[in-house]
Amino acid sequence: MTYILTAQPAVEPLTLVETRTHLKLDTEEEDALLLGLIAAAREHLERETGLSLLTQGWRLCLDRWPDDGILTLAHGPVRRVTSVVVYDGEGMAQAVSLDGHLLDGAARPARLWLRDVPQPGQALNGIEVDFEAGLGDTGAEVPDTLKRAMLQHVAAMFAFRGVLPAEAQPAVVPPGYDRLIAPYCRRRL
């Protein structure tokens, strides 16, 4: 199973004003850096929790449908499934009907059931499921606790901005970060 991000969020959960206020910055000189750090903090938080904070598009590529008929989608909450495509042995795509499908998008992981289970002819990545996931379209829909964790993370990365190159970020996670995000992380046995 391979997940591919097909559409980035239109905005970030934190605004530049919120971030500058938290960092006690009075000028806009560091705004380009701050935008990059905000994006890095969001992406890190999404990886840690399995949540999509803001509405974004995803594609899941899989070889076959699960035997129990229920497909789990790791990036959530899933707002809607936009399409399911199956490929035949020659690589020709055919849309699968979503009529009568059941989606439990709030579950972690989200679950999808289709009336007609796709049977791919292509051995690898013969099924593609496109879906939208996210808590909402704006930062106002992201819980304050997660925004606080992001602000702390941005502040830590900002403090070490000259020590490590941008591609090495996130290089540091601040103390207390794990406690803030713990209620949103999936428990694994």
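Residues numbered from 1 in each chain as written. Predicted model: local features only at pLDDT ≥ 70, side-chain atom pairs only at ≥ 80, totals over all residues. Heavy atoms only, no water.

*Asks:* Is there a simple way to think about the packing of helix 1 (residues 16-23) against helix 2 (residues 31-49) in this case?
*Replies:* Helix-helix packing: each pair is described by the crossing angle between the helix axes and the interaxial distance. Here helix 1 crosses helix 2 at 100°, and the two axes come no closer than 10 Å. Here helix 1 is positioned roughly perpendicular relative to helix 2, judged by the angle of their axes. Contacts between helix 1 and helix 2 involve Leu16, Thr19, Arg20 and Leu23 from the former and Asp31, Leu34, Leu35 and Ile38 from the latter. A per-class count over the contact of helix 1 with helix 2 returns 5 nonpolar, 1 polar and 2 charged. (Axes fitted to C-alpha atoms, helices over the stretch in contact; angles between N-to-C directions. Helix = DSSP H or I, 4+ residues; strand = E, 2+ residues; numbered from the N terminus. Parallel < 35°, antiparallel > 145°, perpendicular 65-115°, else oblique. Contact = heavy atoms within 4.5 Å. Nonpolar A, V, L, I, M, F, W, Y, C, P; charged D, E, K, R; others polar.)

*Asks:* How should I be thinking about the pattern of salt bridges in this particular structure?
*Replies:* Side chains bearing opposite charge may pair, as long as their charged atoms lie close to each other. One pass over the structure, following the stated rule, counts 10 salt bridges. Here arginine 20 and aspartate 31 are joined by a salt bridge, their closest N and O atoms 2.9 Å apart. Of this pair, arginine 20 sits in helix 1 while aspartate 31 is found in helix 2, placing the two residues 11 residues apart along the sequence. Across this residue pair, the class does not change: arginine 20 and aspartate 31 are buried. Residues participating in the shared-partner salt-bridge network are Glu12, Arg42, Glu43 and Glu46. (Salt bridge = Lys/Arg side-chain N within 4 Å of Asp/Glu carboxyl O. Buried < 20%, exposed > 50% of the residue type's maximum accessible area, 1.4 Å probe, protein only.)

*Asks:* Help me understand the nonpolar core, please; the structure alone is not making it clear to me.
*Replies:* Generally speaking, nonpolar side chains in soluble globular proteins are found buried as a group. Counting residues in hydrophobic clusters, the biggest one holds 22 residues, and the most contacted among them are Leu14, Leu45, Leu53, Leu146, Met150, Val154 and Ile181. For this core, the secondary structure elements donating two or more residues are helix 2, helix 3 (144-159) and helix 4 (177-181). Each residue touching leucine 146, except ones within four places of it in the same chain, is listed here: Leu45, Leu51, Leu53, Ile181 and Tyr184. (Core = buried A, V, L, I, M, F, W, Y, C linked by side-chain atoms within 4.5 Å.)

*Asks:* Looking at this structure, how should I read helix 1?
*Replies:* Note that an α-helix has 3.6 residues per turn; residues three or four places apart therefore point the same way. Taken as a whole, helix 1 has its buried residues at Thr19, Arg20 and Leu23. The arc that holds the buried residues of helix 1, viewed along the axis, is 95°, so those residues lie on one side. Turned more than 90 degrees from where helix 1 packs its buried face, Val17 and Thr21 sit exposed. (Arc of directions from axis to C-beta.)

*Asks:* I'm lost on the pairing of strand 2 (residues 56-62) in this one. Help?
*Replies:* Two faces belong to every sheet, and in a regular strand the side chains alternate between them. Counted residue by residue, strand 2 has 6 buried out of 7 residues, so it is predominantly covered. As paired strands, strand 1 (residues 2-7) and strand 2 are joined by 5 bridges and run antiparallel to one another. Residue pairing in the sheet places threonine 2 in a bridge with cysteine 61 of strand 2. Bridge analysis of strand 2 against strand 8 (residues 127-133) gives 7 bridges, and the strand direction is antiparallel. Its bridge partner lying in strand 8, leucine 60 is registered against valine 129. (Pairing = 2+ DSSP bridges.)

*Asks:* What's the story with the layout of surface pockets in this structure? I'm lost.
*Replies:* Empty space among the atoms becomes apparent when a probe as large as a water molecule is rolled across them. Space inside the largest pocket adds up to approximately 270 Å³. In this structure, the largest pocket is lined by 18 residues; those nearest its centre are Glu43, Glu46, Arg47, Glu48 and His75. Going through the elements one at a time, helix 2 and strand 2 are the ones with two or more residues in the lining of the largest pocket. Ranked by residues supplied to the lining of the largest pocket, first place goes to helix 2 with 6 residues. The class makeup of the residues in the lining of the largest pocket is 5 nonpolar, 6 polar and 7 charged. (1 Å grid on protein atoms, 1.4 Å probe; cavity = no way out; pocket = protein on both sides within 12 Å on 5 of 7 lines; lining within 4 Å. Points joined across faces, edges and corners; volume = space filled by probe spheres on them.)

*Asks:* Mind showing me how you'd approach a nonpolar patch on the surface here?
*Replies:* The grouping of Ile70, Leu102 and Trp113 at the surface amounts to a nonpolar patch, some 260 Å² of accessible area in total. Relative to the assigned elements, tryptophan 113 resides in strand 7 (residues 110-113). (Patch = residues over 30% accessible without salt bridge, like charges linked within 9 Å, V, L, I, M, F, W, Y side chains within 5 Å. Areas by Shrake-Rupley, 256 points an atom, 1.4 Å probe, with all protein chains shown as cover.)

*Asks:* I keep staring at the sheet that holds strand 3 (residues 70-73) and nothing clicks. Help me out?
*Replies:* The strands making up a sheet associate through backbone hydrogen bonding, with each pair oriented either parallel or antiparallel. One open sheet holds the 3 strands; their spatial order is 3-7-6, and the pairing between them is antiparallel. Both edges of this open sheet fall to strand 3 and strand 6 (102-104), since each of them pairs with a single strand only. With direction set aside, neighbouring strand axes in the sheet form an average angle of 20°. The pairing of strand 6 with strand 7 spans 3 bridges and is antiparallel. Following the sheet pairing, aspartate 104 is matched in strand 7 by arginine 111.

No statement about biological role is implied by the geometric values presented.
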